[in-house]
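Next come the chains, spelled out residue by residue.
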Amino acid sequence: MNIFKKITPILSVLVLILSVYVIVKIAPLFLEKLSGGFRKSLVQAPDFVLKDAGDNLVKLSDFRGRKVILSFWTSWNSISLEQIRILNDYAPTNKNLSVLALNNQEGMEVIRPISDKNSNVVALIDEEGLVGELYDISVLPLTIFIDENGFVVNKVIGTITFGNINKLVSKL
């Protein structure tokens, strides 16, 4: 009986160490393998038609065959504005990539300056918020990564960095 009292704390520590190892080392590998299988059950990105800063109609399906980043943003959110700048800087690094920045329910006067300053990003206006509803947007900024076949591969809520973008685009 005495031996069990001595072994129990040691076993508890070993179980804790093993648990931490599994969480830190093995779980990410499992999740990465799992996400590889996830590609087979991806959701088709809902198509939409919105106006750009030049009052031209832009359709998501027109970008089929290209990788697409959809960035939902608003002018009152500084993180959104910084994200558009980062996406504008990133876009020229991938010739098979289009970046669409969808403004959520603000006016054309808001997207025109963004379009002028960020020539590598197509700024679009979702005046009624219908596309936002279609994509179930509840937090801004939200960035959606779509592969060449029009499937949503990833969604990122909040801040995204140049490095994160590069990693996520490479998985499209």
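Everything quoted here is computed from the prediction, not taken from an experiment.

Draft legend 1. Focus on the environment of glycine 158. You can see glycine 158 is positioned in the loop between strand S8 (151-157) and helix H5 (162-170). The sequence separation of glycine 158 and valine 139 amounts to 19 residues, and the corresponding C-alpha distance is 7.7 Å.

Draft legend 2. Summary view of H5. Within H5, the full set of buried residues consists of Ile165, Leu168 and Val169. For H5, the angular spread of buried residues about the axis comes to 100 degrees, placing them on one side. Away from the buried face of H5 by more than 90 degrees, exposed residues Lys167 and Ser170 are located. Structurally, H5 contributes buried residues whose contacts are with strand S4 (67-73), helix H2 (78-90), strand S7 (142-146) and S8.

Draft legend 3. Quick peek at the confidence of the model for the protein. Mean pLDDT over the protein works out to 83, with 84% of the residues at or above the 70 mark. The spread of mean pLDDT over the elements of the protein runs between helix H1 (residues 2-38), the lowest at 62, and strand S3 (residues 57-59), the highest at 96. Low pLDDT, under 50, characterises residues 31-40; the predicted model gives this stretch five contacts beyond four residues in sequence or across chains.

Calculation notes
- Residues numbered from 1 in each chain as written.
- Predicted model: local features only at pLDDT ≥ 70, side-chain atom pairs only at ≥ 80, totals over all residues.
- Heavy atoms only, no water.
- Helix = DSSP H or I, 4+ residues; strand = E, 2+ residues; numbered from the N terminus.
- Buried < 20%, exposed > 50% of the residue type's maximum accessible area, 1.4 Å probe, protein only.
- Arc of directions from axis to C-beta.
- Contact = heavy atoms within 4.5 Å.
- pLDDT = per-residue confidence, 0-100.

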